[in-house]
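What follows is the residue order along each chain.
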Amino acid sequence: MKLSALIGSLLLVWFSNISHAQPAKSISYCDHASYPPLSWLNGNQLAGVTKDIIQHVFKEQNYQVTLYVLESWKRCMLEVEKGTIDVAVAFKTLQRSKSFAFSQEYLIEENIAIFVNKNNSFNFDSWQDLQGKRGGMVLGYSYGDELDHFLASNTIIERVSSNFQNITKLALNRIDFMPFERDSGLLQVQTHGYESVIVPLEKHATTDYLYLTTAINNQKILQLMPQLDKSIKALKDSNAIARFTQKSRQQYLLAYPKGSSLRPQPPADIQL
């Protein structure tokens, strides 16, 4: 069964089973769950900062949030673009702006670092130092128009479905570098047991921002955007997002403690 048909069936069953018990208004949210502390699976439960923000801002508008975790971030964005799922959280690019609408307020500021195998490190003062090198990225990931364009034009990028695949390839020297959000990368490298092998270079490649996004023709969400922007701004002004981040980081390290044999597993398609 195609994913869109499966999600449609699940939504139909979900609405029919709980319409008598839940608020009449609801939205669906899609995540990849492999980006701690922003998004990850704690057992079979979606955890992380972005989920906390989404649930908070929509609750203020009296909306129930249905959570979907898809194994591919690219597929997640495709389902939002088609309108099968209402919202996600993503970087804003010119290409995406043709199909997606974004909140005015960003949710998260991210510092993108260049991760390398420390036994095969190199100087990094500017993007030109990446010229001709082989990098690893996840399908559907973007780090802003300018860096995306430079990497596509000047490096060899191999796309895979999970961060763990890139971390393993970097540990084995099958790629030269991995661009990734610094804090999330450090957490994932540690919990996969490669902190003695993989390190971020000191200088950031870029700083980018995550926004709430929906299909450009999703009128239900577009009409809510002014109120959602106010809620997002209030969360930032009150330092709540920083508290969400610290809570999620602590939960992740408790779930996958250093020295443990426990390892995060790549997400599969689930409804939570």
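Notes on the structure follow.

## Regarding the packing of helix H2 (residues 49–59) against helix H7 (residues 219–237)
Consideration 1: Contact geometry for H2 and H7: axes closest at 9 Å, N-to-C directions at 115 degrees. Compared by their axis directions, H2 and H7 come out roughly perpendicular. Note on packing geometry: the crossing formed by H2 with H7 is right-handed. Here H2 contributes Ile53, His56, Val57 and Phe58 to the contact with H7, which in turn contributes Ile221, Leu224, Leu228, Ser231, Ile232 and Leu235.
Consideration 2: For the contact of H2 with H7, the class distribution of residues is 8 nonpolar, 2 polar and no charged.

## A few points about helix H3 (residues 73–82)
Consideration 1: For H3, the full list of buried residues reads Trp73, Cys76, Met77, Glu79 and Val80. An end-on view of H3 places all buried positions within 160 degrees of arc, on one side of the element.
Consideration 2: Gly83 occupies a position one or two residues after H3 and carries a positive phi of about 90 degrees.

## Here we look at the nonpolar core
Consideration 1: With 71 residues, the main nonpolar core has Ile53, Phe58, Ile114 and Tyr143 as its most contacted residues.
Consideration 2: Ranked by the residues each element gives to this core, the list is headed by strand E7 (residues 100–117), at 9 residues.
Consideration 3: Filtering out sequence-adjacent residues up to four positions away, Ile53 remains in contact with Leu107, Ile108, Leu235, Ile241 and Phe244.
Consideration 4: In terms of nonpolar packing, the next biggest core, distinct from the first, is built from 6 residues, Trp40, Ala47, Leu187 and Tyr256 among them.

## Overview of unusual backbone geometry
Consideration 1: Here the bond from Pro36 into Pro37 is cis, since omega is 0 degrees, no more than 30 degrees from zero.
Consideration 2: One can find Pro37 in the loop between strand E2 (34–35) and strand E3 (39–42).
Consideration 3: Of note in the backbone geometry, Ala33 takes a positive phi value of approximately 60 degrees without being a glycine.
Consideration 4: By the element assignment, Ala33 lies in the loop between strand E1 (26–31) and E2.
Consideration 5: Ala33 sits in the buried class, given a relative accessible area of 6%.
Consideration 6: We note that Asn62 has phi near 60 degrees; this positive angle belongs to a residue other than glycine.
Consideration 7: With respect to the secondary-structure elements, Asn62 resides in the loop between H2 and strand E5 (64–69).

## Digging into the pairing of strand E12 (residues 206–215)
Consideration 1: The element E12 is extensively covered by neighbouring structure, given that 7 of its 10 residues are classed as buried.
Consideration 2: Relative to E12, E7 runs antiparallel, the two sharing 9 bridges. Paired with Ile112 across the bridge in E12 is Thr206.

## So, empty space enclosed by the protein
Consideration 1: Per the counting criterion, the structure on display carries 2 cavities of 30 Å³ or more.
Consideration 2: Roughly 230 Å³ of internal volume is contained in the largest cavity.
Consideration 3: Where the lining of the largest cavity is concerned, the elements lending two or more residues are E1 and strand E6 (87–91).
Consideration 4: One number sums up the size of the second largest cavity: a volume of about 30 Å³.
Consideration 5: In terms of lining residues, the second largest cavity is bounded by Gly136, Met137, Val138, Tyr141, Tyr143, Asn163, Asn166, Met178, Pro179 and Phe180.
Consideration 6: Mapped onto the lining of the second largest cavity, the elements with two or more residues apiece are strand E8 (134–138), helix H5 (163–171) and strand E10 (178–181).
Consideration 7: Per-class residue counts for the lining of the second largest cavity are 7 nonpolar, 3 polar and no charged.

The rules we used
- Residues numbered from 1 in each chain as written.
- Predicted model: local features only at pLDDT ≥ 70, side-chain atom pairs only at ≥ 80, totals over all residues.
- Heavy atoms only, no water.
- Axes fitted to C-alpha atoms, helices over the stretch in contact; angles between N-to-C directions.
- Helix = DSSP H or I, 4+ residues; strand = E, 2+ residues; numbered from the N terminus.
- Parallel < 35°, antiparallel > 145°, perpendicular 65-115°, else oblique.
- Left-handed = near helix turned anticlockwise from the far one by under 90°.
- Contact = heavy atoms within 4.5 Å.
- Nonpolar A, V, L, I, M, F, W, Y, C, P; charged D, E, K, R; others polar.
- Buried < 20%, exposed > 50% of the residue type's maximum accessible area, 1.4 Å probe, protein only.
- Arc of directions from axis to C-beta.
- Core = buried A, V, L, I, M, F, W, Y, C linked by side-chain atoms within 4.5 Å.
- Pairing = 2+ DSSP bridges.
- 1 Å grid on protein atoms, 1.4 Å probe; cavity = no way out; pocket = protein on both sides within 12 Å on 5 of 7 lines; lining within 4 Å.
- Points joined across faces, edges and corners; volume = space filled by probe spheres on them.

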